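# Remarks on the overall topology
The lines below spell out each chain.
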Amino acid sequence: MDQIRICGGKKLNGKVKISGAKNAALPILTASLLAHWECSFSNIPNVRDVTTVLHLLSDLGAKVDLLENNSVKLDSSHVCGYEAAYDLVRTMRASILVLGPLLARFGRARVSLPGGCAIGLRPVNLHLNGLRKLGAKIELHNGYIDARADKLKGCNILLETPTVTGTENLMMAACLAQGETIIKNTACEPEILDLACVLNKMGAKIQGAGTDCIRIQGVDGLSGAKYSIMPDRVEAGTFMVAAAVTGSQIQIDDCCPEHLTTVMDKLREAGVEFEEKNDKITVSAEKDLRAIDIKTAPYPSFPTDMQAQFMSLMSLAQGTSMVIETVFENRFMHVLELIRMGADIKIEGHTAMIKGVSRLSGAPVMATDLRASASLVLAGLAAEGETLISRIYHLDRGYESIEQKLASLGAEIKRLK
Ligand code: EPZ
């Protein structure tokens, strides 16, 4: 298995281009199952989760043409399959996003129940309850979700928690339901608005995406669309922390500052400075940032997907920080690895207390999940000496060529085959 070796302590400088958002690309790619005609999407990130979902779509019978420069053409007009097999779903939980489109388009879906993952149980009960309310018959057999629906019927749905992929699954299913569907307490993440923009370009009638109430008028069918995926706000946030943790100044291109308001506010509180110009952000930081507290929560609050990266930064801040993780029950897997690098962190339930230390030291560490692996890379950039990160397939799920991007900024980082 590949490893990443980092010799820390180097300053970063220069520019980095942000890739398309993984968490927008995944639902947008599965939305192509709803269309009778070809869709073409650009700014698709070249990451493992995208490869997995394209594999799943071609398994279902979609025609998938991977073009160069991060574009893909999809034609689902001849899709005949409706099963998402366990071996694919277990590698990527977001495969559950084929459930809504398959049910709406073909009235049939058999999707393996996504297991939990390192960060939590990750149940899908809200997806299934919502689809049942839309008229689907759903049974669970041998670890599979067996769903049928002659014709989905619009209804009112109130989500117990604002689930991101749950909102996306139900929004896609409701596009072809009979009549109007109103979904309340929906997640407000920008990726949901990106998905709604594509669906509306395909002929759907969706209002309110990006707010906590989404209204969908069902239509008979959807046509194809061309669309460019939004930039990845978590990748951009990760590079902001890379500049902060190495006391550097870098420019981040092709990003959306408005998607990062809370993250930038928190980094400013710590002493990081920003200059925004359209889709470019210049980040500059001296060493010795101030310790600050964060509490993760659904958008627009501080994103759980930036919690691990932030903890690496707070490990070297002046003072003691408190990090409260409210979204997932086990998203502190990076803490033990950071402690091996010299961080001073104590966990009490969902709260971590991080006492800033003057330096971290490089060490062999192990990635456990996507954002935990990013936090280890960031800690390695700041640590003295060599850090060797194993199981970096976790990192490859959601970051496109991160070691090349960091190396071009001056980091001493190498992938060892
Ligand atoms: C999405 O996961 C993202 N993944 C995650 O990003 C992200 O961390 C998460 O949203 C929260 O922002 C994609 O978009 C592909 P949820 P999702 O459903 O949709 C509970 C990354 O690093 N819940 O919003 O699976 C759940 O247990 C990944 O890129 C139910 O109880 O997250 C959690 O506590 C990691 N029942 C909370 O809701 C359900 O049916 C939020 O989960 C669904 C969710």
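What you see is a predicted model, and the numbers here were worked out from it, not measured in a lab.

About the criteria used
- Residues numbered from 1 in each chain as written.
- Predicted model: local features only at pLDDT ≥ 70, side-chain atom pairs only at ≥ 80, totals over all residues.
- Heavy atoms only, no water.
- Domains from an automatic or database assignment.
- Contact = heavy atoms within 4.5 Å.
- Buried area = accessible area lost by both parts, 1.4 Å probe.
- Helix = DSSP H or I, 4+ residues; strand = E, 2+ residues; numbered from the N terminus.
- Polar contact = N/O pair within 3.5 Å; in protein donor to acceptor, adjacent residues only side chain to side chain.
- Axes fitted to C-alpha atoms, helices over the stretch in contact; angles between N-to-C directions.
- Parallel < 35°, antiparallel > 145°, perpendicular 65-115°, else oblique.
- Nonpolar A, V, L, I, M, F, W, Y, C, P; charged D, E, K, R; others polar.
- Phe/Tyr/Trp six-rings, centres within 6.5 Å; stacked < 30°, edge-to-face > 60°.
- Buried < 20%, exposed > 50% of the residue type's maximum accessible area, 1.4 Å probe, protein only.
- Lys NZ or Arg CZ within 6 Å of the ring centre and 35° of its normal.

### Overview of the domain arrangement of the protein chain
The domains assigned to the protein chain are domain 1 (3-19 + 232-416) and domain 2 (22-223). Taking the mean C-alpha position of each, domain 1 and domain 2 sit 30 Å from one another. Each partner contributes to the interface: domain 1 provides 23 residues, whereas domain 2 provides 21 residues. Around 1,800 Å² of area is buried between domain 1 and domain 2 when both sides are counted, 52% of it from carbon and sulfur atoms.

### Examining the environment of arginine 268
Within the element layout of this structure, arginine 268 appears in helix H9 (residues 261-270). Once you skip the residues sitting within four places of it in the chain, arginine 268 turns out to touch Phe274, Glu276 and Arg290. A polar contact of 3.1 Å, which involves the side chain of arginine 268, links it to the side chain of aspartate 265.

### Topic: the packing of helix H4 (residues 99-106) against helix H6 (residues 164-175)
Following both chains from N to C, one finds H4 and H6 inclined at 10°, their axes separated by 7 Å at the closest point. The angle between the axes of H4 and H6 places the two elements in the roughly parallel class. Mapping the contact onto sequence places Leu99, Gly100, Pro101 and Ala104 in H4 and Asn169, Met172 and Ala173 in H6. When grouped by side-chain class, the residues that make up the contact of H4 with H6 number five nonpolar, two polar and no charged.

### Describing the packing of aromatic side chains
One pass over the full model with this rule turns up one aromatic pair. A centroid spacing of 5.3 Å and a plane angle of 70° characterise the contact between phenylalanine 302 and phenylalanine 310, whose relative ring orientation is edge-to-face. For the pair formed by phenylalanine 302 and phenylalanine 310, the shared burial category is buried. Its end group placed over the ring of tyrosine 144, arginine 110 keeps NZ or CZ at 4.0 Å from the ring centre.

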